[in-house]
Amino acid sequence: MKYCYYPGCSVKGTGRAYEESLLAVLNALGIEYEELEDWNCCGATAYMAMDEIKSCVLAARNIALAEKAGYTEIMAPCSACYLVLNKSLRYMESSKPVAETVNKALATANLKISKKIKVRHPLDIILNDYGLDRLKKAVKRPLKEFKVAPYYGCQIIRPYSTFDDQYNPTSMDKILTALGATVVEFPLKTRCCGSSLTGTLPEPGLLCAYIILREALRRGANVISTGCSLCQFNLDGYHDKIEKKWEPVRIPTLYFTQLIGLALGIDEQTLGIHRCIVPLSATIGQPVNA
Amino acid sequence: MKKEQVRIGFYVCHCGHNIASVVDCKAVAEYVAKLPGVVVSRDYKYMCSDPGQELIINDIKEHKLNRIVVASCSPLLHEHTFRTATEKGGLNPFLCQMVNIREHNSWVHTDREAATLKAKELARAAVHRVMFHRELETKKVPITPAVMVVGGGIAGIHAALTLANAGKKVYLVEREPTIGGHMAKFDKTFPTLDCAACILTPKMSEVASHPNITLWTYSEVVKVEGFVGNYKITVKHKPRYIIEDLCVGCGECINKCVYKDPRFPDEFNEGLGKRKPIYLPFPQATPQVVLIDPEVCLKLKTGKCKQTCLEGCQDRKAIDFNQKERFSEVQVGAVIIATGFKTFDAKRIPQYGYGKYPNVFTALEVERMVNASGPTNGHVVLRDGREPKSIGIIHCVGSRDKKTNKYCSRVCCMYSLKLAHLLKEHTNAEVYNFYIDMRTPGKAYEEFYDKLLNEGVHFIRGRVGEVTDWAYAPGEEGKLVIRVEDTLAGFVRRIPVDMVVLATGLEPQPDAADVQRMFNMSCGSEGFFLERHPKLAPVNTFTDGIFLAGCCQGPKDIPDTVAQAGAAAAEALVLIDKGFIEQEPNTAFVREEDCSGCKSCISLCPYSAITFNETKKKAEINEALCKGCGTCVASCPSGSIVQRLFEDEEIFSEIEGLLVDSANGKNFAGQSSGEKRAEVMAK
Amino acid sequence: MHELVRTIKYEADRVPGFGEEIKSVPGCENLQSCIQCGTCSGMCPLSIYMDYTPRQIIELVRSDFKNEVLKSYTIWLCASCYVCTVECPREVHITDIMYELKQRAIHEGYYPKRFPIPVLAREFFRTVFKYGRVTENFLATTMMLKSNWKGVFSSWKLGLKLISTGRFPFKKEEIKRKDELQKILSTVDKLSIDMLGGISHLGNGTKKSNNNHNNHH
């Protein structure tokens, strides 16, 4: 089955490493995908703040394009995109006037949404479609020295938990354990990282990031694993400011796809490991896969 | 069928505003007045009132009426009233027919014109039907003067004692090995802080020694047959592997058990204590008989054991490893269901950490700890034995929550206050109660809250979202942190505590649906048994002869439970003392000349009321057993079975009455109702 | 000397119909069932910075105190993490209500002129309309320049780090069929569905509330 790959704006920018590592991993595991042609921004949280119908329509255009190209499943790695696409689908399902408006608007571009399309996250696809057993067999370099704090963030878990428990998700934990890493007990798995507040209203935003980083270190982790580009940015990019305000909490934050890639033996350059602002070597030491 | 002239009296009730605000009652009365056969047609504000009933009584005498039709509320409510009024007027009560234009009309429609038309048509149908009503006599069925009480908690105990003291025979069936229910587990009860065991155990021993009560513990009802006044109930007695009559509860067998130390989680102590495979549930267990757990007893599980317990019981020889389950069958006239509740499983809310963090307890666990005869001898300790310095009690766990149970469990605020008091007494800890609303409505309950306020317990109005173990501020290391909005003070607080107590709510027993089916009751949407009327009939069910008492009907505290148990006992006494019940004469009978002897009805009867007369080669219905369900009537291929009150002529006439074109008064065959009636009467 | 402030709310301070307006948005109907338990505020990671906690916002919306709500800091601090929505025992969709409030506040201008969050939202909106995609660094820079240009100075270090790790794209992201997208979005305006009970969609796609009295800035 070929998945329709919907990257979202941030993996083309600050979240480059997410796309690089995700595509490398998909290729190595043999999961087929193709980037959606002429995809547009999903709107994320900012568009919802202006107009939810338009946000719905933005997302709907992508879904309709996927339908036109014959896909039944869309893979959306960015949490915000995953949430917005799912939310739009549910919004249309629950409200007839919304569904009509969206379809009328799409009709001006000869697009429509008539079939059921699923929007899925790579965690879901790797865990449930690919399977842990196959993943374990594909591991070439078990991540023995990695003590990972799995950080899910908000938007892949709330408010729709299609593939994992909302309070105590374990999909990433299972994948990381299969890679040979040790998953530490981490109570802040789903606590907000501060979202866009770290850039607009620094104090509350940075506090959210600081709490997560601090607790990860206290639980004995040497790397945080995440599945959202904004979370990675918040946990990775503000260590100077956090150190100035509170204390140093240097722990690298990697995408879970980067960790999978390392376990599969893919080299660090391809996986974008060098793109982390807090380098992996800060806690892990020697380069993992040169 | 009588050939006399029918003289119908028609009455339409306004029911205050209930009917009159939607249905134009005057118009209905005027319409019906014109129908053939109708001599009197009135509308009145409250037909069920004394003057309303007087109208019927007087009209019957004055106008020599011989049929009555009342268009008002549901027959469930006032059929008896109007039948009685008809009877007082000198007519057979079954010559009265009711039409429901309230629940079926004015309460569900808003269009006045359409509702009035509907009322007219329904009335017309009833007028046509009532012409064919016959005089019928009610059947008196004797009631077995015995009652079964299912459930031996405080509700069952009180109901059983009340009935037994009134001289009636009572069978008290309890599933657990001892009676006492949840109340036996409590330490002190609110608001008086009486010791639960002290007030309960005298009643328990009274039950055990009462000559009128047959106490069956470790037993369950498995089959219920029959109907009100004549229930035949099968009870299964689970094997204790102890001969009950011989055991005196000395406990020697327990001392001699091959397990030197108790090893298995103790159910009575909510898993906090340990017991041996042979055990007494708790010291005051009634009956004072031990039992053996077949899941862990070596002899019963593996067959290989030294059986040292037998040495302990040498003189009485009460242990019997070959005991099997037994069944008893009893006849009773009424049943009181007092099966109680189960506590909410706190694991369903992972946010509170029950099962994850060791020092999160449920209220019942703390209750056992606080009890002097509990697993810790009254010391409140954490799982590692330390004394807590700070305790947080979280209200509304599993209650008032759309994700778990929407209702309020009624007793948790009070028992949380009680636990706060007891915890303060037993430890020197800071106690925090986190609540949404403080619900203390009963007698002396508000005063109890006041007492607690004065004891220095911290009350924080804010629902706790989660219990965490990650620390932020100094002083939170190693503790459980509760982050909550103190809504009254207006800010968010982080409070580190050593111990968290979850005030779990009350839920129906897990097998409530099975019990419901067995006794032919209904359950409400939350799963508690449904009472006939929430205000006016809180202990009756929709099945005659089955009554409810206690928390199986809804969460309540001990005073209300005992009151309800007394009420249920009184209702059962009403039935039994009357000695008989009058059965609705809607029984079926066979028209012998039409019966072809095909026997298809016989196996269909759920009450086994039909037999085949070999001599006559015809089916015969035993009217004493017939409950008027109508199955045989519908199934008879030759139509030879007739059901009183629902005879073919009555039903077809009603249908024709409905189908008459209300505009020009003609039916589908083009006849006016007068013409149709004349045709019918000529037959 | 502490300055005395007199706080009392009269019925004239309410904007009747505001609560109904929010309630009529699909998904926000449960607003009335709120029992003011405070779970939302207790779980919200940002509630410690808010002037009105989420629970208070729900109460204010229910009671039609439009000005207090739209002028509050709370609606901007909401990071839409959805914890409140998921934990609420009455299933009130608090996050969606916050979005609705953000929309009204943006249109009716209830915030200081250069407040970064609505500026970001507006910029985001414009960029998507024009190009179909956003390029993060351009968006962030524009937002900083338009709201707090001094922020550019405090973030230059971060900017350099992003450039050095290759996370600072200099190419503007855009879709091919921009006009198609613009047509789709504009059509929504024309299809003014009045399902929001009094809200009309204006030409630039922003929301205008029906109850416009007491419209302070």
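Residues numbered from 1 in each chain as written. Chains lettered and ligands numbered in written order. Predicted model: local features only at pLDDT ≥ 70, side-chain atom pairs only at ≥ 80, totals over all residues. Heavy atoms only, no water.

Some remarks on the overall build of chain A
Phase 1: A tally of helices and strands in chain A yields 14 helices and 8 strands.
Phase 2: What you see for chain A is a C-alpha radius of gyration of 19 Å, in line with the 19 Å of a compact globule of 290 residues.
Phase 3: Projected onto the principal axes, the alpha-carbon positions of chain A cover approximately 55 × 45 × 30 Å.
Phase 4: A buried classification covers 68% of the 290 residues belonging to chain A.
Phase 5: In chain A, the share of contacts with a sequence separation of at least 24, taken over all contacts with a separation of at least 6, comes to 76%.
Phase 6: The positive charge centre, built from 34 side chains, and the negative charge centre, built from 29, are 2 Å apart in chain A. (Helix = DSSP H or I, 4+ residues; strand = E, 2+ residues; numbered from the N terminus. Rg over C-alpha atoms; globule rule 2.2 N^0.38 Å. Buried < 20%, exposed > 50% of the residue type's maximum accessible area, 1.4 Å probe, protein only. Contact = heavy atoms within 4.5 Å. Lys, Arg positive; Asp, Glu negative; His and termini not counted. Charge placed at Lys NZ, Arg CZ, Asp CG, Glu CD.)

So, the packing of helix α3 (residues 52–68) of chain A against helix α5 (residues 96–107) of chain A
Residue and element names in this part refer to chain A.
Phase 1: As a packed pair, α3 and α5 sit with axes 10 Å apart at the nearest point and diverge in direction by 60°. Comparing their axes, α5 and α3 come out oblique. Classified by chirality, the crossing of α5 by α3 is right-handed. Contacts from Ile53, Cys56, Val57, Ala60, Arg61 and Ala64 of α3 reach α5 at Val98, Thr101, Val102, Ala105 and Leu106. (Axes fitted to C-alpha atoms, helices over the stretch in contact; angles between N-to-C directions. Parallel < 35°, antiparallel > 145°, perpendicular 65-115°, else oblique. Left-handed = near helix turned anticlockwise from the far one by under 90°.)

Some remarks on the interface of chain A and chain C
Phase 1: The interface is formed by 70 residues belonging to chain A together with 67 residues belonging to chain C.
Phase 2: With both sides pooled, the region where chain A packs onto chain C buries about 6,000 Å², and carbon together with sulfur makes up 66% of that total.
Phase 3: The largest contributions to the chain A side of the interface with chain C come from Asp38(A), Met50(A) and Lys54(A), which together make up 12% of the buried area.
Phase 4: Glu180(C) serves as the salt-bridge partner of Arg61(A), at 3.0 Å between the closest nitrogen and oxygen.
Phase 5: Those elements that place two or more of their residues in the side of chain A that touches chain C are α2 (44–48), α3, α4 (79–94), α5, α9 (197–200), α10 (202–218), α11 (229–237) and α12 (239–245) of chain A.
Phase 6: Per element, the largest residue contribution to the side of chain A that touches chain C is 7 residues, and it comes from α3(A). (Buried area = accessible area lost by both parts, 1.4 Å probe. Salt bridge = Lys/Arg side-chain N within 4 Å of Asp/Glu carboxyl O.)

Overview of the interface of chain A and chain B
Phase 1: Counting residues at the interface gives 13 residues for chain A and 11 residues for chain B.
Phase 2: In this assembly, chain A packs against chain B so that about 1,000 Å² is buried in total across both faces, 49% of it on carbon and sulfur atoms.
Phase 3: Run the count over chain A and chain B and you get 3 salt bridges.
Phase 4: Close ionic contact of Arg219(A) with Asp469(B) constitutes a salt bridge, the shortest N to O distance being 3.1 Å.
Phase 5: Applying the counting rule to chain A against chain B returns 5 residue pairs in polar contact (both at pLDDT 80 or more). (Polar contact = N/O pair within 3.5 Å; in protein donor to acceptor, adjacent residues only side chain to side chain.)

Observations regarding the sheet that holds strand β17 (residues 326–332) of chain B
All names here are of chain B.
Phase 1: Taken in spatial order, the 3 strands of this open sheet run β11-β12-β17, and their pairing is antiparallel. Two strands in the sheet have a free side with no partner beyond their single neighbour: β11 (219–227) and β17. Averaged over all pairs of adjacent strands, the angle between strand axes in this sheet comes to 20°, irrespective of strand direction.
Phase 2: For β11 and strand β12 (residues 230–237), the ladder comprises 8 bridges, and the chain directions are antiparallel. The partner of Val221 across the bridge, within β12, is Val235. (Pairing = 2+ DSSP bridges.)

Focus: the packing of aromatic side chains
Phase 1: Under the definition given, this model contains 19 aromatic pairs over all chains.
Phase 2: An angle of 90° between the planes, with centres 5.8 Å apart, marks the rings of Phe233(A) and Tyr238(A) as edge-to-face.
Phase 3: Here the aromatic rings of Tyr407(B) and Phe528(B) are separated by 5.5 Å at their centres, their planes lie at 70°, and the arrangement is edge-to-face. Note that Tyr407(B) is positioned in the loop between β21 (390–397) and α12 (412–426) and Phe528(B) in the loop between α14 (512–518) and β29 (546–548), a separation of 121 residues in sequence. No difference in accessibility class separates Tyr407(B) from Phe528(B), as the two residues are buried.
Phase 4: Across the ring face of Trp39(A), the terminal group of Arg133(C) is positioned such that the distance to the ring centre comes to 3.6 Å. (Phe/Tyr/Trp six-rings, centres within 6.5 Å; stacked < 30°, edge-to-face > 60°. Lys NZ or Arg CZ within 6 Å of the ring centre and 35° of its normal.)

Describing the sheet that holds strand β23 (residues 458–461) of chain B
Residues and elements named next belong to chain B.
Phase 1: The parallel open sheet is built from 5 strands, whose spatial order is β20-β27-β21-β22-β23. The sheet is open, and its two borders are formed by β20 (360–362) and β23, each paired with just one other strand. Going across the sheet, the axis of each strand differs from the next one's by a mean of 25°, ignoring polarity.
Phase 2: Relative to β23, strand β22 (residues 430–435) runs parallel, the two sharing 4 bridges. Looking at β23, one finds that Tyr432 is bridged to His458.
Phase 3: Relative to β20, helix α11 (residues 363–370) is tilted by about 85°, and along the sheet it contacts β20 and β27 (499–504).

With respect to helix α13 (residues 445–453) of chain B
All names here are of chain B.
Phase 1: Considered for burial, the residues of α13 that qualify are Tyr445, Phe448, Tyr449 and Leu452. Along the axis of α13, the buried residues cluster in a sector spanning 100°; they form a single face.
Phase 2: Here the buried face of α13 lies against α12, β22, β23 and α15 (558–578). (Arc of directions from axis to C-beta.)

A closer look at the domain arrangement of chain A
Residue and element names in this part refer to chain A.
Phase 1: If you check the domain split of chain A, you get domain 1 (2–120) and domain 2 (140–282).
Phase 2: For the pair domain 1 and domain 2, the summed buried area comes to about 2,000 Å², and 64% of that belongs to carbon and sulfur atoms.
Phase 3: The largest share of the area that domain 1 buries against domain 2 comes from Tyr18, Ser79 and Tyr82, three residues that together contribute 28% of it.
Phase 4: Joining domain 1 to domain 2, the criterion identifies 1 salt bridge.
Phase 5: A salt bridge links Arg275 to Glu20, with the nearest nitrogen and oxygen atoms 2.8 Å apart.
Phase 6: Counting across the domain 1 and domain 2 interface gives 5 residue pairs in polar contact (both at pLDDT 80 or more).
Phase 7: Of all elements in the fold, only α1 (16–29) and α4 reach the threshold of two or more residues within the side of domain 1 that touches domain 2. (Domains from an automatic or database assignment.)

Considering a negative patch on the surface
All names here are of chain B.
Phase 1: Together, Glu87, Glu135, Glu137 and Glu582 line one region of the surface with negative charge.
Phase 2: For Glu87, the location among the structural elements is in helix α3 (residues 75–88).
Phase 3: Residue classification places Glu87 among the partly exposed positions, given a relative accessible area of 47%. (Patch = residues over 30% accessible without salt bridge, like charges linked within 9 Å, V, L, I, M, F, W, Y side chains within 5 Å. Areas by Shrake-Rupley, 256 points an atom, 1.4 Å probe, with all protein chains shown as cover.)

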